[in-house]
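Geometric and topological summary
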Amino acid sequence: MILKNKIKEIYLDVLEQTNSKLLVEELTADVVLLQSGLDSLGFAILVATLEDELDYDPFTMMEDAVYPSTFGEFVEIYKRFNPNK
Amino acid sequence: MNIIFKNFINLNNEEKINILDIRNTDKIRINMKSNHIISTNIHINWIEKLKEDKNNIYYAIIYKDKICGAIYINDINLEDKTSSWGLYFKQDINPILSSLCTYIIIDKILNEMNIQRLTLEVEKTNIQAYKFDLSFGFEIYDTINNYFLMDITKQKWEKNKNIAYIKLLEKKVNKIQYKFV
């Protein structure tokens, strides 16, 4: 829960930083990432910021070059690769 | 994270077909000026001609051993110090990759290749790509038919590197490994 909230907080910060708007009412697990308001640059900023905050980037740790489609899947990936779990 | 930018002229046959398959997908074709399906023969012959072409360079982007897109530098004019560029990625690819590759290629063109003015064309209806280019500092200088013509100077790019999110992107680029082959 703490991790999910941290990601959500940084996600909203990045939206503001990149002059983007949340295109859904609420950032819930089933929200499709590419329809949520962040473009690919926004996601790069999000992942870079999360790496600064959490000290890991799961996308460099995973074997496949797949990307989560929903916010819930995005959070799950961070949980799965969390070195402190 | 390890990204390889492999010049089309150095691709093996399988890689040449892989990049053609990506280029021929509907999603990519509809945003291109020549949006017809390209045949394998025409594609292979075109790559052969690139070997003699000093004004255009095409790189396949390889990430985790798979070709996932292409980035290209066109109309290279070393006298005027100008060129244009573009990119395409297959669907469902990590969107971080396109931002990192964009940063890398803009910086390579404007610094390593010593180009002073970099241009691009984006279809007016491709809002996502247009906003993406704006975020990197490109500005509209003209329109032709259904296309915005955008540019950025080396001076502006260096200034833009001070924007917080570009700095963050630069930091991320500095942490990853990449090479041009």
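On a predicted model such as this, the values are computed, not experimentally measured, just so you know. (Residues numbered from 1 in each chain as written. Chains lettered and ligands numbered in written order. Predicted model: local features only at pLDDT ≥ 70, side-chain atom pairs only at ≥ 80, totals over all residues.)

Okay, the interface of chain B and chain A next. With 23 residues of chain B in contact, the opposing surface of chain A contributes 16 residues. Of all elements in the fold, only strand 3 (66–77), helix 4 (95–112), helix 5 (127–135) and helix 7 (164–175) of chain B reach the threshold of two or more residues within the side of chain B that touches chain A. When residues of the side of chain B that touches chain A are assigned to their parent elements, the largest contribution, six residues, is made by helix 7 of chain B. Residue composition of the side of chain B that touches chain A, by class: 12 nonpolar, five polar and six charged. (Contact = placed C-beta atoms within 7 Å. Helix = DSSP H or I, 4+ residues; strand = E, 2+ residues; numbered from the N terminus. Nonpolar A, V, L, I, M, F, W, Y, C, P; charged D, E, K, R; others polar.)

Residue and element names in this part refer to chain B. Here lysine 6 is to be found in strand 1 (residues 2–7). Each C-alpha atom, one on lysine 6 and one on isoleucine 71, is 9.7 Å from the other, the two residues being 65 residues apart in sequence. Not counting the four nearest positions on each side in its chain, lysine 6 is found in contact with Leu11, Tyr59, Ala60, Ile62 and Val181.

Residue and element names in this part refer to chain B. On average, residues of chain B carry a pLDDT of 93, and 100% of them reach 70 or more. Here helix 2 (residues 26–29) is the element of chain B with the lowest mean pLDDT, 87, and strand 7 (residues 147–153) is the one with the highest, 97. Interface confidence for the predicted complex, given as ipTM, is 0.76, next to a pTM of 0.88. (pLDDT = per-residue confidence, 0-100.)

Glancing now at the nonpolar core. Ranked by size, the top nonpolar core spans 60 residues in total, and within it Ala44 and Ile45 of chain A together with Ile61 of chain B carry the most contacts. It is helix 4 of chain B that provides the largest number of residues to this core, a total of nine residues. Dropping the residues within four chain positions of it, isoleucine 45 of chain A is found in contact with Val14, Gln17 and Thr18 of chain A together with Tyr165, Leu168 and Leu169 of chain B. (Core = buried A, V, L, I, M, F, W, Y, C linked by C-beta atoms within 7 Å. Buried ≥ 20, exposed ≤ 12 C-beta atoms within 10 Å, placed from the backbone.)

Residues and elements named next belong to chain A. The topology assignment puts leucine 27 in the loop between helix 1 (2–17) and helix 2 (40–54). What makes leucine 27 partly exposed here is the crowd of 19 C-beta atoms within 10 Å. In this structure, the C-alpha to C-alpha distance between leucine 27 and threonine 70, residues 43 residues apart in sequence, is 9.9 Å. If sequence neighbours within four positions are ignored, leucine 27 has contacts with Lys8, Tyr11, Leu22, Ser36 and Phe71.

The complete set of buried residues in helix 5 of chain B reads Ala129, Phe132, Asp133 and Ser135 of chain B. Each buried residue of helix 5 of chain B lies within a common arc of 155 degrees when the element is viewed along its axis, so the set occupies one face. Residues of helix 5 of chain B that are buried make contact with helix 2 of chain A together with strand 5 (117–123) and strand 7 of chain B. The first or second residue beyond helix 5 of chain B is glycine 137 of chain B, which carries a positive phi of 105 degrees. (Arc of directions from axis to C-beta.)

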